[in-house]
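# Structural features, examined
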Amino acid sequence: MALYFGTEFCEDRLPDAAEAGAYCAVARERGWEPVLLTPLLTPAGLRTVDRLLTGLATAGWKPAVVCNDWGVLRLLREHHASLPRRAGRLLNRSLRDPRAY
């Protein structure tokens, strides 16, 4: 089981570190994996995600990250290599839920 939080479609709606930490805590309480959804990002949005992931790591959280942007994938590889990664549906150009087929 997993608890997904964040947003796939709007960088302005990403959670701050405190909110993301609260989701991670709920996931841990239930024995679930915390998973951060990320959207397509501008350079400013990439900096926001970097700060968010740094804040989570500092607090001891290691959520999986759904990448919908090649920049997020590069950010993870270069700065947050220990975090699990998931390919998002925008990254692999599947805008529909694959379970619908």
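About the thresholds
- The written sequence of each chain sets the order in which its residues are numbered from 1.
- Note on the predicted model: pLDDT of at least 70 is required for a residue's local features to be given, and 80 or more for side-chain atom pairs to be given and counted; whole-chain, interface and lining totals, by contrast, use all residues.
- Working from all heavy atoms in the structure, the side-chain values ignore hydrogens and water.
- We count a salt bridge whenever a side-chain nitrogen from Lys or Arg sits within 4 Å of a carboxyl oxygen from Asp or Glu.
- By the criteria applied, helices consist of DSSP H or I runs no shorter than four residues and strands consist of E runs no shorter than two, each listed in order from the N terminus.
- Categorising residues by exposure relies on relative accessible area from a 1.4 Å probe, with only protein chains included: less than 20% of the type maximum marks a residue as buried, more than 50% marks it as exposed, and the intermediate range marks it as partly exposed.
- DSSP calls a pair of strands paired once it identifies at least 2 bridges connecting them.
- Think of it like this: strands point away, you trace from the first strand over the helix to the second, and a clockwise trace means the crossover is right-handed.
- Axis lines are fitted through C-alpha atoms, for helices just across the contact stretch, and the angle between N-to-C directions can take any value from 0 to 180 degrees.
- We call two residues contacting when some pair of their heavy atoms lies within 4.5 Å.

So, about the pattern of salt bridges. When the charged atoms of two side chains with opposite charge come close together, those side chains can pair. Scanning the entire structure with this criterion turns up 3 salt bridges. One salt bridge in this structure joins Glu8 and Arg89, with 3.0 Å as the shortest N-O distance. With Glu8 in the loop between β1 (2-6) and α1 (17-30) and Arg89 in the segment after β4 (85-87), the pair connects residues that are 81 residues apart, well separated along the chain. Here Arg89 falls in the partly exposed class, since its relative accessible area comes to 30%. For Glu29, the salt bridge is made with Arg30, and the minimal N-O distance between the two is 3.9 Å. What makes Glu29 exposed here is its relative accessible area of 64%.

Moving on, we get to the pairing of strand β3 (residues 64-67). Judged by which residues are buried, β3 turns out to be covered on both faces: Ala64 and Val66 on one side and Val65 and Cys67 on the other are all buried. When strand β2 (residues 33-37) meets β3, the two strands line up parallel, connected through 3 bridges. Within β3, the position partnered with Val35 by the bridge is Ala64. A crossover connection joins β2 to the parallel β3 through helix α2 (residues 43-58); in handedness this β-α-β unit is right-handed. Note that β3 and β4 share 3 bridges and pair parallel. Across the sheet, Cys67 pairs through a bridge with Ala87, a residue of β4. In this view, the connection linking β3 to its parallel neighbour β4 by way of helix α3 (residues 70-79) has right-handed handedness.

So, on to the sheet that holds β3. Pairing within the open sheet is parallel, and its 4 strands lie in the order β1-β2-β3-β4. The sheet is open, and its two edges are formed by β1 and β4, each paired on a single side. The average angle at which neighbouring strand axes cross in this sheet is 25 degrees, direction not considered. Together, β3 and β4 form the strand contacts of α3, whose direction differs from that of β3 by roughly 150 degrees.

All right, on to the side chain of His80 then. Here His80 is to be found in the loop between α3 and β4. Discounting chain neighbours no more than four positions away, the residues touching His80 are Asp50, Leu53, Thr54, Leu75 and Arg85.

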